[in-house]
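# Inside the fold
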Amino acid sequence: MINIPKGTKDVLPQESYKWQFIEKVARETARVFGAQEIRTPTFEHTEVFLRGVGETTDIVNKEMYTFLDKGDRSITLKPEGTAGIARAFVENGLVNSALPAKFFYITPCFRYERPQAGRLREFHQFGVEFLGSYSPDIDAETILLAKTFLEKAGVKNITLYINSIGCKTCRKEYENALKAYLNQNYEKLCPLCKDRLNKNPLRILDCKNDECKKITEGAPKILDYICDDCSNHLETVKKLLDAVGVEYKINPNIVRGLDYYTRTVFEFVSENIGAQGTVCGGGRYDGLIKELGGTDTPGIGFAVGIERILLLLENTGVKIENPNKVKIYFAPMGEAEAVKAFELVSTLRNSGIACDCDHMGRGIKAQFKYADKIGAEFVAVIGSNELAEGKVKIKKMADGSEQTVEFDQVKSFLEKA
Ligand code: HAM
């Protein structure tokens, strides 16, 4: 037997309907917020992520699936959705389209991480990217979209953390202050954070190591350093969220793991799915389009991990109905009856009713067993008497009640049932 690669998952029919539900809620939420679907390739030139996500990030340094193709080009499977969309925005000249351009996507992503609950090597994101507006109301709208999606999907007890990591100018000042503070505690930092100190000191703020956590508790706080423009931006975002009743906590330790962020960053975090509690992450990235060679254009977006949402729903006992079950199963008792069953099934399917009949030559008892296993709501028995009279005996599986229905009345019976 050949096994599935580590960190990947088969989605079998007993689960795929849950994915369909999440995807439907995602599409519907995006639609009411005026976002259109964008699809970009599963792989890009590696350069897109080096410049987009950033060379000092864990994603680029350790987690990318990168390989040379047969033409000796360095190719990378997308570790996230934003950079590829930014590349597409630049390449297709979308700066000349109606702005803000509002996109959503559902995509597989690939990161070579150590698999654990809620962390896979192939996972799926639903995300949005809004490009073209500097206004704080697009930040609030993006956050509201994420919140609306999570609520409609059935997520409860989730905390929204918001922070501002400033702009290029004020962040520099903060990084210097942070570095000066962390240098005093250099020896106590974990090896990873020692390495981060000069490359990406902000990342030390969300290190999970206990000793690093203790050190960063006393570190200077970014919100004391951001400039007036960045501070006013954050205040307006907060005011707008208050106006629509979105609850949040300001958390100066939310810094995010990707280099492109500026100003607003946010995460929705759950206590119900273990160590990988961040279900949704996002923020503003005003320098990304320029970094990828485009006209300076601001942007903001988020992505939720679909596997993490499903895990969260399961762990909090939220049930999703399977809408794909067969409504009626026809159980013929002989050859002539099987022909009639085949004909009735075919007519009902043309009317959009999910139905099935025996394909195994089973006896009646085994057919009932099968119908029960596939979750059929009704079983219609056709024996020789029924065939002669032009009727079926329909049994409702939930309560065992029976009714005899004429062949040409089955459709209207089901519509009323
Ligand atoms: P991210 O925080 O790296 O942000 O990922 C977003 C979400 O993807 C996470 O909150 C998590 O739910 C899910 N996720 C990430 N890694 C894994 C994994 N290994 N296994 C399962 N789920 C995972 C981004 O990707 C940004 N592109 C979000 C964004 C869009 N920012 C602006 N626009």
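Below, the structure is looked at part by part. (Residues numbered from 1 in each chain as written. Predicted model: local features only at pLDDT ≥ 70, side-chain atom pairs only at ≥ 80, totals over all residues. Heavy atoms only, no water.)

### Observations regarding the side chain of Thr57
Using the following cut-off: Only DSSP runs of H or I reaching four residues or more are called helices, and only runs of E reaching two or more are called strands; each is numbered from the N terminus. In protein, a polar contact means a hydrogen-donor-capable atom and an acceptor-capable atom, both N or O and within 3.5 Å, with residues adjacent in sequence counting only if both atoms are side-chain atoms; elsewhere, any N or O pair within 3.5 Å suffices. Pairs of residues are marked as contacts when any of their non-hydrogen atoms sit within 4.5 Å.
For Thr57, the position within the fold is in the loop between helix 2 (46-52) and helix 3 (58-63). Here Gly54 takes part through its backbone oxygen, which lies 2.7 Å from a polar atom of the side chain of Thr57. Beyond its immediate stretch of four places on either side in the chain, Thr57 contacts Gly257, Leu258 and Asp259.

### A word on the nonpolar core
Soluble globular proteins tend to pack their nonpolar side chains together in the buried interior. Heads up, the rule is: The term nonpolar core refers to a set of buried residues drawn from Ala, Val, Leu, Ile, Met, Phe, Trp, Tyr and Cys, joined through side-chain atoms within 4.5 Å. For every residue, the accessible area (1.4 Å probe, protein chains only) is compared with the maximum for its type, and the residue is labelled buried under 20%, exposed over 50%, or partly exposed between those bounds.
Core analysis: the largest hydrophobic core is formed by 48 residues, its most contacted members being Val53 and Leu182. The greatest single-element share of this core, amounting to 5 residues, is contributed by helix 6 (residues 168-184). Once residues within four sequence positions are removed from consideration, Leu182 is found in contact with Leu189, Leu197, Pro201, Ile204, Ile215 and Thr216. Counting residues in each nonpolar core, the second largest holds 42 residues, with Trp19, Ala30, Ile138 and Leu313 among its members.

### Notes on the sheet that holds strand 15 (residues 391-396)
Backbone hydrogen bonds are what pair the strands of a sheet, in a parallel or an antiparallel way. Quick reminder of the rule: Note on pairing: DSSP must find at least two bridges between two strands before they are called paired. For helices, the axis comes from a line fit to the C-alpha atoms of the stretch in contact; other axes are also lines fit to C-alpha atoms, and the angle between any two N-to-C directions lies between 0 and 180 degrees.
A sheet is described by the order of its strands in space; here 5 strands give the open sequence 13-12-14-15-16, paired in mixed fashion. At either margin of the open sheet sits one strand with a lone partner, and together these are strand 13 (355-357) and strand 16 (402-406). Adjacent strand axes in the sheet meet at a mean angle of 25 degrees when their direction is disregarded. Pairing geometry for strand 12 (residues 328-332) and strand 13, over 3 bridges, is parallel. Along strand 13, the bridge assignment pairs Ile328 with Cys355.

### Here we look at the environment of Glu211
With respect to the helices and strands, the residue Glu211 is situated in helix 8 (residues 210-217). The exposure class of Glu211 is partly exposed, given its relative accessible area of 32%. Separated by 125 residues in the primary sequence, Glu211 and Ala86 place their C-alpha atoms 38 Å from one another.

### Notes on the pairing of strand 9 (residues 262-270)
A large share of strand 9 lies buried, amounting to 9 of its 9 residues. Of the pairings in the sheet, the one linking strand 7 (residues 158-164) to strand 9 comprises 7 bridges and is antiparallel in character. Pairing of Thr159 across the sheet is with Val269, part of strand 9. Two elements, strand 9 and strand 10 (residues 278-284), share 6 bridges in a ladder whose sense is antiparallel. Considered in strand 10, the bridge of Phe268 is made with Cys280.

### As for the pattern of salt bridges
Put simply, the rule reads: Each reported salt bridge corresponds to a side-chain nitrogen of Lys or Arg within 4 Å of a carboxyl oxygen of Asp or Glu.
One pass over the full model with this rule turns up 24 salt bridges. Note that Glu28 and Arg31 form a salt bridge whose closest N and O atoms lie 2.9 Å from each other. Placement of both Glu28 and Arg31 in helix 1 (residues 13-32) is noted, with a separation of 3 residues, approximately one turn of the helix. Judged by relative accessible area, which is 33%, Glu28 ranks as partly exposed.

### Structural notes on helix 5 (residues 136-153)
Defined as follows: For a helix, the expected span equals 1.5 Å multiplied by the number of residues minus one.
Over its 18 residues, helix 5 runs 26 Å from end to end, which matches the ideal 26 Å to within 8%, given 1.5 Å per residue. Where helix 5 terminates, the next one or two residues include Gly154, which has phi positive at roughly 100 degrees.

### Concerning the site of the ligand
Our working definition: If a single non-hydrogen atom of a residue is within 4 Å of a molecule or strand, that residue counts as near it. Here, Shrake-Rupley sampling with a 1.4 Å probe gives the accessible areas, and only protein chains in the shown set may cover a residue. Polar here means any residue other than Ala, Val, Leu, Ile, Met, Phe, Trp, Tyr, Cys and Pro, which are nonpolar, and Asp, Glu, Lys and Arg, which are charged; Gly is therefore polar.
Neighbouring the ligand are 27 residues, the closest being Glu80, Thr82, Glu113, Arg256 and Tyr261. Gln125 is positioned such that a nitrogen or oxygen atom in its side chain is 3.0 Å from an oxygen atom of the ligand. Contact with the protein chains removes 96% of the 660 Å² of surface that the ligand exposes when unbound. Elements with a contribution of two residues or more to the shell around the ligand: strand 6 (122-131), strand 10 and strand 11 (299-305). A total of 6 residues in the shell around the ligand trace back to one element, the largest contributor, which is strand 10. Of the residues contributing to the shell around the ligand, the split by class is 11 nonpolar, 9 polar and 7 charged.

### Side note on the layout of surface pockets
Threshold: Cavity means a closed set of points on a 1 Å grid over the protein atoms alone, one where a 1.4 Å probe fits but cannot get out, pocket means an open set with protein on both sides within 12 Å along at least 5 of 7 lines, and lining means a residue has an atom within 4 Å of a point. Grid points are joined across faces, edges and corners, and a volume is the space filled by probe spheres set on the points.
Estimates place the volume of the second largest pocket at around 890 Å³. In terms of lining residues, the second largest pocket is bounded by 33 residues, among which Lys168, Arg171, Asp259, Tyr260 and Tyr261 are the most central. Mapped by element, the contributors of at least two residues to the lining of the second largest pocket are helix 2, helix 6, helix 7 (191-199), strand 9 and helix 10 (288-291). Top contributing element to the lining of the second largest pocket by residue count: helix 6, with 5 residues. For the lining of the second largest pocket, the residue count by class is 10 nonpolar, 8 polar and 15 charged.

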